[in-house]
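# Geometric and topological summary
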Amino acid sequence: MGVGLSISRLGSIFNNLASPRVANSGGGVEAAFWIGALLTACSTAAAGAIVVVDRRATRKLRRRREREGPGSLTAALLEGDEAEAGDAGPTGADDFEENATAARSASACVAAAEAEVRVTDVRKFGPLFWLLTLSCFVVYGCVLPFNNVASGILLERNFFTSPPQNCHLEHPDQCSRGYMQPGTNEALEADGGICLVAPTQAPVLPSSVNHTEADSERSGEWEEAEYVYPSLTSQHVDCGDTFWTDACTADYCAKQKSATERAGKAMSIPYLISALSSPPLGHLVDRIGRRAQIALASAALLFGVHLTLALASSSPVGPLVGQGIAYSLYAAVLWPSVPLTVPKRFTGTAFGVITSIQNIGLALFPLMIAGIYNASGGRYIPNVEFFFVGCAAAGVVVGVFLNRLDRRYGRKLNGVSKEEREEEEVIVSNSIRDEGGRDFAVVEEDDYFSPLT
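Being a predicted model, the structure only gives us computed values, none of them experimental.

### Some words on the nonpolar core
- Ranked by size, the top nonpolar core spans 77 residues in total, and within it Phe 129, Tyr 140, Val 237, Phe 243, Trp 244, Leu 334 and Phe 388 carry the most contacts.
- Elements with a contribution of two residues or more to this core: helix 4 (127-139), helix 5 (144-159), helix 6 (242-248), helix 7 (250-288), helix 8 (291-311), helix 9 (317-337), helix 10 (347-375) and helix 11 (383-408).
- In terms of residue count, helix 7 provides more of this core than any other element does, ten residues in total.
- Cys 167, Ala 187, Cys 195 and Val 204 belong to the second-largest nonpolar core, a separate cluster that totals five residues.

So, in structure tokens, the structure goes:
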């Protein structure tokens, strides 16, 4: 499971690095979406291939069972009954045949009853599973939705901050730079001196713009017929429109594109940490247990991360490293914990329920974040970050109750399960070389098959 999570994080890293470059290379956001659609099509094709492979494997297993007949224990019992039936004569043989048929029918009925899945099975899930699901709901609420808006947060906080407040353009009602500004339009301070704009600050924008397509021969490249803004703000500037990019605010859009790419690199830090650490962390959790305790610690770390992003103006690298560590730890303990909280035959249903509830949160939280953003005047800091702080705080509270309940249930989550200990013993025993000097266990040819052949 750790390896699977690691590979999926590599896809997120690719997205964070490639999307800004594709959008800024001239294709715009539409080009980035088309690449996303192409990757989704590849994923769909891979899923279809998995279905084909799975069906072939199922058919091979079915044929093998038909050839082998009943299991070894059942076969041994039937052999014993057959021997007794031979001693008892024809009547005993008839009774044996009837008993064997009845036993097989009963076994088939029991297997069919256990395999049947009902929606009402969720009523048999205990409070430990539901607390784990609630923890997943709130903790993932400050992880995946954060990545959706991380670029905007990092731009606003670190890479493309507001321009100096006391600065204005020499000609405030004219474009700052581009072919609609044939001269110069420098940013000045209130006393007339040159305004010093830091590398991480946005250039000063005009206070107003009034242009129509009649003002330029190149207006056919523009997205709109007119650009009339008596009070221009950064929300009006769309750097995907050539009017802003080439004609009127070329300096602003060029700096924004560069900042967007730097923000994309920073956004990849949590996923890079997760990609590298998920497999070893999964192995560590298998050895030491402590799943509920690690889930609590992860939520507490996320609380500190988002509180820092909300209130401090320091480098984002530290908080993003913390986000990556917390994300890796939480994912490493959450999904392996699900089978420990429900009966074995309900494991698939349990995974379906927790994933469904998680996706409900991932659908609702972006809507809530958008509402907070609009209510905050088009700014992420600090209110959107306070929302993530609230999710992390809820995760801490749920984590405390999860640990208390786990103690009552015999440390199912914080302990190391019997199955894991037995599996580790098998791995250790198989790693010891036998007397013949072979490094690997001997596998009979009939015990191995590939669904691809």
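Don't stop here, the text continues.
### A look at the packing of aromatic side chains
- The full count for this structure, using the stated rule, is 20 aromatic pairs.
- Relative to Tyr 330, the ring of Tyr 140 has its centre 5.8 Å away and its plane inclined at 70°; by these criteria the two rings are edge-to-face. One end of the pair, Tyr 140, is in the loop between helix 4 and helix 5; the other, Tyr 330, is in helix 9, and 190 residues separate them in sequence.
- On the basis of relative accessible area, Tyr 140 is assigned to the buried category, the value being 4%.
- Judged by its relative accessible area of 2%, Tyr 330 is buried.
- Their ring planes at 80° and their centres at 4.8 Å tell us that Phe 243 and Trp 244 sit as a pair that is edge-to-face. Like Phe 243, the residue Trp 244 is buried in the burial classification.
- Here the aromatic cluster, defined as three or more aromatic residues joined through ring pairs, consists of Phe 137, Phe 146, Phe 365, Phe 387 and Phe 388.

### A closer look at the pattern of salt bridges
- The final tally for this structure, using the stated rule, is two salt bridges.
- For the salt bridge of Arg 379 with Glu 156, the shortest nitrogen-to-oxygen distance reads 3.4 Å. You can see Arg 379 sitting in the loop between helix 10 and helix 11 and its partner Glu 156 sitting in helix 5, a full 223 residues away along the chain.
- Among the ionic pairs, Glu 221 bridges to Arg 218, the shortest N-O distance being 3.7 Å.
- Residue Glu 221 is classed as partly exposed on the basis of its relative accessible area, which comes to 40%.

### Quick look at empty space enclosed by the protein
- If you walk through the whole model with that rule in mind, you get two cavities of 30 Å³ or more.
- Counted as a void, the largest cavity has a volume near 70 Å³.
- Taken together, Val 143, Phe 146, Asn 147, Ala 150, Met 267, Pro 270, Tyr 271, Leu 320, Gln 323 and Tyr 327 form the lining of the largest cavity.
- Contributing elements (two or more residues each) for the lining of the largest cavity: helix 5, helix 7 and helix 9.
- When the residues that make up the lining of the largest cavity are grouped by side-chain class, the tally is eight nonpolar, two polar and no charged.
- Taken together, Leu 132, Ser 135, Arg 291, Ala 292, Ala 295, Tyr 330, Val 333, Leu 334, Ser 337, Leu 402 and Leu 413 make up the full set of residues lining the second largest cavity.
- Looking at the lining of the second largest cavity, the elements that each hand over two or more residues are helix 4, helix 8 and helix 9.
- For the lining of the second largest cavity, the leading source of residues is helix 9, giving four residues.
- Class assignment of the residues belonging to the lining of the second largest cavity gives a composition of eight nonpolar, two polar and one charged.

Conventions and cut-offs
Residues numbered from 1 in each chain as written. Predicted model: local features only at pLDDT ≥ 70, side-chain atom pairs only at ≥ 80, totals over all residues. Heavy atoms only, no water. Core = buried A, V, L, I, M, F, W, Y, C linked by side-chain atoms within 4.5 Å. Buried < 20%, exposed > 50% of the residue type's maximum accessible area, 1.4 Å probe, protein only. Helix = DSSP H or I, 4+ residues; strand = E, 2+ residues; numbered from the N terminus. Phe/Tyr/Trp six-rings, centres within 6.5 Å; stacked < 30°, edge-to-face > 60°. Salt bridge = Lys/Arg side-chain N within 4 Å of Asp/Glu carboxyl O. 1 Å grid on protein atoms, 1.4 Å probe; cavity = no way out; pocket = protein on both sides within 12 Å on 5 of 7 lines; lining within 4 Å. Points joined across faces, edges and corners; volume = space filled by probe spheres on them. Nonpolar A, V, L, I, M, F, W, Y, C, P; charged D, E, K, R; others polar.

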